[in-house]
Amino acid sequence: MQLAGPGVFGPPSDPDAARAVLRRAVELGVDHIDTSQYYGPDVVNDLIREALHPYPDGLLLATKVGGRRDEQGAWLPAQRPDELRAGVEDNLRSLRVERMGLVNLRLLVMDGTPRVPLAEQLGVLEDMRREGKIELIGISNVSRAEAEEALGLVELASVQNGYSVLERDSGDLLDFCRQRELAFVPFFPLGSAFTGGPARLASDPAVAQVAARHGASPAQVALAWLLQRYERMLLIPGTSSLVHLEENLASAELALDADD
C-alpha cells in the first residue's frame, strides 16, 4: 500500500526504490505480500510483477477485492459479484499468475450504496476457487458477526482487520480467529495513518519505555507485541523504505516479557 503515490494514488516518486524494497523483502525471507489492484490503481501490482516475476517458490501473493477508485482517488465500493470477479481477473492479469494465493473480500459499504448479501459475494469467490483461480479466501474489515456468517458460507483462511497495540477495537475478531484457528492479519499494525500512525506510537509513554528497555524502536515493539499475541498472526507493515523494511523484520527477534 505504501509503494504507490500519496494517498495510495498514482505512481511513487521513485519506482526504482519501490522495486528495490520488494526485492530486498524477498531476499530477507518475506513470503507473504499483501496488495490490491486498486492500490494506485494498477500501480503496485505492476511494481510487484516488474520486481519479482517469475515469483520464487513459496511466495504467497495476497490481494483484496471489493473496492475501486475514481479519477480523484476516492475509495468506492465494488461489491457486486460481477465486480468481484472482474477484480480477481484484473489481479491475475496484472500480476501475471494463473491463481491468487489468497483473495480477501474487503467489505466496503457507503451511505446510499445498496448492500450486497455476503452469500452472493463469497459465492463468486468460491466459484473462482473451484475454477482454480483462487487458492484461499479471506475476509476483511468485518464485524465478528460478519466473520461468523462468512465462516458458515465458505472455508476461510484468514480475517484481516485494523488492529494494533494502540487500536484494539478488533480484539473480538482476534479471539474469534484463535477459537477457529484462522490466521489474523492486522492492517495498520503500526496504527492508522489517519490517527497518527507511527508518530503516535513514538509518543506513547508505555511503548517508549519498553522500546528504551530493549534498545528497540517503538515500531519494533508494536510489531513484536502483535507477534506474541497469536501464533497465526501475519503482519503486513507497509513501507517504501529499505531501512524501515529491515527494522520491521528485526522485530521478529524481539522477545517481550510479561512486564513489557
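Residues numbered from 1 in each chain as written. Predicted model: local features only at pLDDT ≥ 70, side-chain atom pairs only at ≥ 80, totals over all residues. Heavy atoms only, no water.

**Student:** Now, about the sheet that holds strand β6 (residues 134-140): what can you tell me, with residues and values included?
**Tutor:** Judged by pairing direction, the sheet is parallel, and its 6 strands sit side by side in the order β1-β2-β5-β6-β7-β8 without closing on themselves. Each having just a single partner strand, β1 (32-34) and β8 (183-187) make up the two edges of the open sheet. Within the sheet, the average angular offset between the axes of one strand and its neighbour, ignoring direction, is 25°. Bridge count between β1 and strand β2 (residues 60-65): 3 bridges; the pairing is parallel. Paired with I33 across the strands is L61, a residue of β2. (Pairing = 2+ DSSP bridges. Helix = DSSP H or I, 4+ residues; strand = E, 2+ residues; numbered from the N terminus. Axes fitted to C-alpha atoms, helices over the stretch in contact; angles between N-to-C directions.)

**Student:** Any details on the nonpolar core? Residues and values, ideally.
**Tutor:** I48, L125, V159 and F184 are the most contacted members of the largest nonpolar core, which has 69 residues in total. Among the elements that make up this core, the one with the highest residue count is helix α9 (residues 218-227) (7 residues). In this structure I48 touches L22, I33, T35, H53, Y55, L61 and L95, once residues within four positions along its chain are discounted. (Core = buried A, V, L, I, M, F, W, Y, C linked by side-chain atoms within 4.5 Å. Buried < 20%, exposed > 50% of the residue type's maximum accessible area, 1.4 Å probe, protein only. Contact = heavy atoms within 4.5 Å.)

**Student:** Please give an account of the side chain of R69 that cites residues and values.
**Tutor:** Structurally, R69 can be placed in strand β3 (residues 67-69). Within the buried core, R69 has no salt-bridge partner, and the shortest N-O distance to an opposite charge, that of D70, equals 6.5 Å. For R69, the side chain forms a polar contact with the main-chain oxygen of Y38, separated by 2.9 Å. Here the side chain of R69 touches G73 through a polar contact of 2.9 Å, landing on its backbone oxygen. With residues up to four places along the chain from it excluded, the contact list for R69 reads G7, V8, F9, Y38, Y39, G40, P41, A74 and W75. (Lys, Arg positive; Asp, Glu negative; His and termini not counted. Salt bridge = Lys/Arg side-chain N within 4 Å of Asp/Glu carboxyl O. Polar contact = N/O pair within 3.5 Å; in protein donor to acceptor, adjacent residues only side chain to side chain.)

**Student:** With reference to specific residues and values, describe the pairing of β6.
**Tutor:** Counting buried positions over the 7 residues of β6 gives 5, a clear majority of the element. Two elements, strand β5 (residues 100-106) and β6, share 6 bridges in a ladder whose sense is parallel. Paired with R106 across the bridge in β6 is S140. Viewed along the sheet, the connection from β5 through helix α4 (residues 118-130) into β6 turns out right-handed. Handedness of the crossover joining β6 and strand β7 (residues 158-162) through helix α5 (residues 144-151) is recorded here as right-handed. (Right-handed = clockwise from strand over helix to strand, strands pointing away.)

**Student:** Quick one: what's the story with the side chain of N91, residue by residue and with numbers?
**Tutor:** Of note, N91 is situated in helix α3 (residues 81-95). One polar contact links the side chain of N91 to the main-chain amide nitrogen of Q37, over a distance of 3.4 Å. Here T63 takes part through its side chain, which lies 2.7 Å from a polar atom of the side chain of N91.

**Student:** Describe the environment of V124, and please don't skip the residues or the numbers.
**Tutor:** With respect to the helices and strands, V124 occurs in helix α4. We classify V124 as buried; its relative accessible area is 9%. Separated by 19 residues in sequence, V124 and S143 place their C-alpha atoms 21 Å apart. Once residues within four sequence positions are removed from consideration, V124 is found in contact with P81, L84 and R85.

**Student:** Report on the packing of aromatic side chains, specifying residues and quantitative values.
**Tutor:** In the structure shown here, the tally under the stated rule is 5 aromatic pairs. The interplanar angle of 85° and the centroid separation of 5.8 Å between the aromatic rings of Y38 and Y39 together place this pair among those described as edge-to-face. A single burial state applies to Y38 and to Y39, both of which are buried. Ring plane angle 90° and centroid distance 5.7 Å describe the contact between Y38 and W75, whose orientation is recorded as edge-to-face. One end of the pair, Y38, is in the loop between β1 and α2 (43-52); the other, W75, is in strand β4 (residues 75-77), with 37 residues separating them in the sequence. (Phe/Tyr/Trp six-rings, centres within 6.5 Å; stacked < 30°, edge-to-face > 60°.)

**Student:** Talk me through the packing of helix α1 (residues 15-27) against α2; I want residue IDs and the actual numbers.
**Tutor:** When two helices pack together, their arrangement is given by the angle between the helix axes and by the axis-to-axis distance. For the pair α1 and α2, the least separation of the axes is 9 Å and the interaxial angle reads 60°. Put simply, α1 runs oblique to α2. As for the relative orientation of α1 and α2, their crossing is right-handed in sense. Residue-level inspection shows P15, A18, R19, L22, R23 and V26 of α1 in contact with α2, the latter providing L47, I48, E50, A51 and L52. A per-class count over the contact of α1 with α2 returns 8 nonpolar, no polar and 3 charged. (Parallel < 35°, antiparallel > 145°, perpendicular 65-115°, else oblique. Left-handed = near helix turned anticlockwise from the far one by under 90°. Nonpolar A, V, L, I, M, F, W, Y, C, P; charged D, E, K, R; others polar.)

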